[in-house]
Amino acid sequence: MKIWGEDTFRARHQRRSDQFGLCAQTRIATTNGWTPLADVSPGMQVVTQSGDTQPIASVTSRPVSDDPNLSDWPLLVPAGVVGNADDFIAGPAQSILFESRLARRLFGAPLVRIRASDLDALPGVARVAMPNDGRVVHLRFATEQIILAAGGAPIVACGMADALRDAPKLRVYRPLNQTEAALILARDADVQMRAGSQASL
């Protein structure tokens, strides 16, 4: 198994913390059903893409940045764009898991990580200004997990270890840079999100 190096990880993911996470109204799959992030708490069991459950280790909720730089605004991802049944809003640095035949040919693996900001090129995806009371929620687990959000979108959730120090040792899915992501989105017409089998909630 190829492990992606710390230098690559630093270059791709050294962002302000408010660029990660999902809008507090986004629903995720838990053992209590599809639950808004605003209502989750540490210890709650979340259904992962593999179908098992993992307890939330920590929940961080913070106001959305009011940075005037458009590139720092969160993105609205409409239903159906990445395997999601519902619209959701994600921070620009939030990683989403993609499955692509082109990725398999180029990188030797069909599953890759693409930042929400790279989805900006897809029809319907747009930068949005959040209301003054808008909040972004960032979950952490004991180890990195792929959770289901907004009715099926596979979202990468961090582990509790210091990401810049330890996460590359555990990394399985290749994080794409902006050029690689643009190539996948432009050339692989039938890119599909690996939404996985949604557990019966």
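Remember, it's a predicted structure, so these values are computed and weren't measured experimentally.

Novice: An account of the overall build of the chain is requested, with residue identities and associated values reported.
Specialist: Looking only at helices and strands, the chain has four helices and 15 strands in total. In the chain, which comprises 201 residues, the proportion classed as buried is 50%. Pairs at least 24 apart in sequence give 65% of the contacts found in the chain among residues at least 6 apart. By element, 50% of the accessible surface of the chain is carried by carbon and sulfur atoms, the whole surface being about 9500 Å².

Novice: Can you tell me about the environment of Glu-99, naming the residues and giving the values?
Specialist: Topologically, Glu-99 is positioned in strand 9 (residues 95–99). C-alpha of Glu-99 to C-alpha of Val-82: the two residues are 17 residues apart in sequence and 10.0 Å apart in space.

Novice: Give me the pattern of salt bridges: which residues, what numbers.
Specialist: Enumeration according to the criterion identifies five salt bridges in this entry. Here Glu-180 ties to Arg-174 by a salt bridge, and the two come within 2.7 Å at their closest N and O atoms. In this structure, Glu-180 and Arg-174 share a single accessibility class: buried.

Novice: Any details on the pairing of strand 12 (residues 135–141)? Residues and values, ideally.
Specialist: Counting buried residues along strand 12, five of its seven residues qualify, which places the element largely inside the surrounding structure. As paired elements, strand 1 (residues 22–23) and strand 12 share two bridges and run antiparallel to each other. Each bridged residue has a counterpart across the sheet, and for Leu-22 the counterpart in strand 12 is Val-137. The sheet contact formed by strand 6 (residues 58–63) and strand 12 spans six bridges and is antiparallel. Within the sheet, the bridge partner assigned to Arg-62 lies in strand 12 and is Val-136.

Novice: So, unusual backbone geometry: which residues are in play, and what are the values?
Specialist: Phi angles above zero are rare outside glycine, and Ala-150 is one such case at about 55°. The topology assignment puts Ala-150 in the loop between strand 13 (145–149) and strand 14 (153–159). With relative accessibility at 1%, the residue Ala-150 sits in the buried group.

Novice: For helix 4 (residues 178–187), give the residues involved together with the corresponding values.
Specialist: Where helix 4 is concerned, the buried positions are Glu-180, Ala-181, Ile-184 and Leu-185. Buried residues in helix 4, looked at end-on, bunch into an arc of 130°, giving them a common side. Summarising the geometry of helix 4, the exposed residues directed more than 90 degrees from the buried face are Gln-178, Thr-179, Ala-186 and Arg-187. Residues of helix 4 that are buried sit in contact with strand 9, helix 2 (101–107), strand 10 (111–115) and strand 15 (174–175). Capping the start of helix 4 is the job of one residue whose side-chain oxygen sits 3.1 Å from the backbone nitrogen of Thr-179: Asn-177.

Reading the values: the criteria
- Positions within a chain are numbered from 1, following the residues in the order the chain's sequence is written.
- Reporting in this predicted model follows two pLDDT cut-offs: at least 70 for local features of residues, and 80 or more for side-chain atom pairs to be given and counted; totals over whole chains, interfaces and linings ignore these cut-offs and use all residues.
- Note that water and hydrogens are dropped before the side-chain values are worked out from all heavy atoms of the structure.
- Secondary structure follows DSSP: runs of H or I at least 4 residues long count as helices, runs of E at least 2 residues long count as strands, and numbering of each begins at the N terminus.
- Partly exposed residues are those whose accessible area sits between 20% and 50% of the maximum for their type, while under 20% is buried and over 50% is exposed, using a 1.4 Å probe and protein chains only.
- Any pair of residues with heavy atoms lying within 4.5 Å of one another is described as a contacting pair.
- In these tables, accessible area is a Shrake-Rupley quantity obtained with a 1.4 Å probe, and a residue counts as shielded only by the protein chains included in the view.
- Salt bridges are identified by distance alone: a Lys or Arg side-chain nitrogen within 4 Å of an Asp or Glu carboxyl oxygen.
- Paired strands, as defined in this entry, are two strands with at least two bridges between them according to DSSP.
- Arc definition: it is the arc formed by the directions from the helix axis to the C-beta atoms.
- Polar contacts here mean pairs of N or O atoms no more than 3.5 Å apart (in protein, one a potential hydrogen donor and the other a potential acceptor; neighbouring residues in sequence count only if both atoms are side-chain atoms).

Distances and angles like these do not, on their own, reveal function.
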